[in-house]
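Below, each chain spelled out in residue letters.
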Amino acid sequence: MEDIRDVIIVGAGPAGLTAAIYTARANLAPLMIEGVEAGGQLMLTTEVENYPGFVDGIMGPELMESMRKQSQRFGTEILTENVTSVDLAERPFKVSTASASHLTNSIIVSTGAKARMLDIPGERELLGHGVSTCATCDGFFFRDQELLVVGGGDSAIEEATFLTKFASKVTVVHRRDSLRASKIMQDRARSNPKIEFLWDTVLTEVTGDGKVTGAKTKNLKTGEEGTIAAGGIFVAIGHIPNTSLFEGKLDLIEGYIRTQPGSTATSVKGVFAAGDVVDYKYRQAITAAGMGCQAAIDAERWLESQHDA
Ligand code: NAP
């Protein structure tokens, strides 16, 4: 056990690192527990062209490394370990890793989310080289190409519709023959001449050598196997927020941490949350960074109010 910290930040994607920069500059000497897969989803991307300030774009991992160094410049202490448990029942809170337990007056949770993946051969290898989990981020790279979008929910249909701005054709590959997406989004997609549907079909392999060229398919009703050519494959089968540590300890909505309207405060006073662990809607590095800043300011003001009390 050590002294009581002002703030511990759990998770080092754009939200957590921005919170670290802000809390460090507010003299709160933050401890960042970054986890062994630090950096979040940007570590799985290649070029990021929509993060403001980088005229020529920047590689995802490089952007995260810059944020990390920037946070250290102001005194953030970084621990590269996974948090194994948190005790939020009383203050100071206790945040434990395999090697130690740390006490803190406030916590910023920025553990992010993972895109659900198909787990088929070729998918991980070609992630960032034609396989993407974010049309908003990567659609621009696929001008005039034929694309696949996998999934039948709102995300898949929204992404397919968005991608028609760039692609010559978008095929939605869905494992059933009816969509789960809302009626209005379905209608929009069905009336879009660039969108086609491949029903009852799953991808069994992403093909390509260094760059996606297509996929192997299987019709689940007939068992028929085939191939389909594509310059890009967008996997849109949902996200999984990284909240297992907080189940039963913080209020969650469909697995995401519930924050109070207009704030990053969670259901436990002194615990704040930011980034994709909260946000099921925008899911952008810049929105996560913005929320990280908000969480830092919320935590700072809350700590201040405790001193005054
Ligand atoms: P979702 O609603 O859970 O849909 C996931 C889709 O992926 C489903 O169609 C599912 O098929 C399919 N799927 C899941 N695992 C698969 C696998 N291993 N192989 C092939 N297909 C698989 O997820 P989402 O679309 O990301 O939406 C998440 C939430 O955000 C929803 O509540 C949604 O309404 C909301 N959202 C709203 C908007 C909007 O309103 N603008 C936009 C995006 C998301 P089955 O249908 O067969 O289960």
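Residues numbered from 1 in each chain as written. Predicted model: local features only at pLDDT ≥ 70, side-chain atom pairs only at ≥ 80, totals over all residues. Heavy atoms only, no water.

Side note on the site of the ligand
Then step 1. As a matter of local geometry, the ligand sits amid 14 residues, with D154, S155, R175, R176 and R180 nearest to it.
Then step 2. Notes on the ligand: free accessible area 920 Å², of which the protein chains cover 68%.
Then step 3. Examining the composition of the shell around the ligand, we find that 3 residues originate from one element, helix 4 (residues 154-163), more than from any other.
Then step 4. Among the residues forming the shell around the ligand, the class breakdown is 3 nonpolar, 6 polar and 5 charged. (Near = heavy atom within 4 Å. Areas by Shrake-Rupley, 256 points an atom, 1.4 Å probe, with all protein chains shown as cover. Helix = DSSP H or I, 4+ residues; strand = E, 2+ residues; numbered from the N terminus. Nonpolar A, V, L, I, M, F, W, Y, C, P; charged D, E, K, R; others polar.)

Some thoughts on the domain arrangement of the protein
Then step 1. Looking at the assigned domains, one finds that the protein contains domain 1 (4-114 + 240-308) and domain 2 (131-235).
Then step 2. Relative to domain 2, the C-alpha centre of domain 1 lies at a distance of 33 Å.
Then step 3. On the side of domain 2, 7 residues touch domain 1, which itself brings 5 residues to the contact.
Then step 4. Carbon and sulfur atoms supply 43% of the area that domain 1 and domain 2 bury against each other, a total of about 420 Å² over both sides.
Then step 5. Between the two partners, domain 1 and domain 2, sit 0 salt bridges.
Then step 6. Inspection of the region where domain 1 meets domain 2 yields 0 residue pairs in polar contact (both at pLDDT 80 or more). (Domains from an automatic or database assignment. Contact = heavy atoms within 4.5 Å. Buried area = accessible area lost by both parts, 1.4 Å probe. Salt bridge = Lys/Arg side-chain N within 4 Å of Asp/Glu carboxyl O. Polar contact = N/O pair within 3.5 Å; in protein donor to acceptor, adjacent residues only side chain to side chain.)

Section: the packing of aromatic side chains
Then step 1. What the rule picks out here adds up to 7 aromatic pairs.
Then step 2. The interplanar angle of 50 degrees and the centroid separation of 6.2 Å between the aromatic rings of Y51 and F54 together place this pair among those described as tilted.
Then step 3. For F54, a relative accessible area of 29% corresponds to the partly exposed category.
Then step 4. Ring centres of F140 and F166 lie 6.1 Å apart, and the angle between their planes is 75 degrees; on these two criteria the pair is classed as edge-to-face. (Phe/Tyr/Trp six-rings, centres within 6.5 Å; stacked < 30°, edge-to-face > 60°. Buried < 20%, exposed > 50% of the residue type's maximum accessible area, 1.4 Å probe, protein only.)

Overview of the side chain of Q284
Then step 1. In this fold, Q284 is placed in the loop between strand 21 (271-273) and helix 6 (285-308).
Then step 2. For Q284, a relative accessible area of 14% translates into the label buried.
Then step 3. Beyond its immediate sequence surroundings of up to four residues, Q284 is in contact with N50, C134, T136, C137 and D276.

Quick word on unusual backbone geometry
Then step 1. The omega torsion of the bond from R91 to P92 falls at -5 degrees, within 30 degrees of zero and hence cis.
Then step 2. Locating P92 in the fold gives a position in the loop between strand 6 (83-87) and strand 7 (93-97).
Then step 3. Even without being a glycine, N27 presents a positive backbone phi close to 65 degrees.
Then step 4. Note that N27 resides in the loop between helix 1 (14-25) and strand 2 (31-33).
Then step 5. The phi dihedral of D119 falls on the positive side, at around 55 degrees, and the residue is not glycine.
Then step 6. As for its position among the elements, D119 is in the loop between strand 9 (113-115) and strand 10 (131-132).

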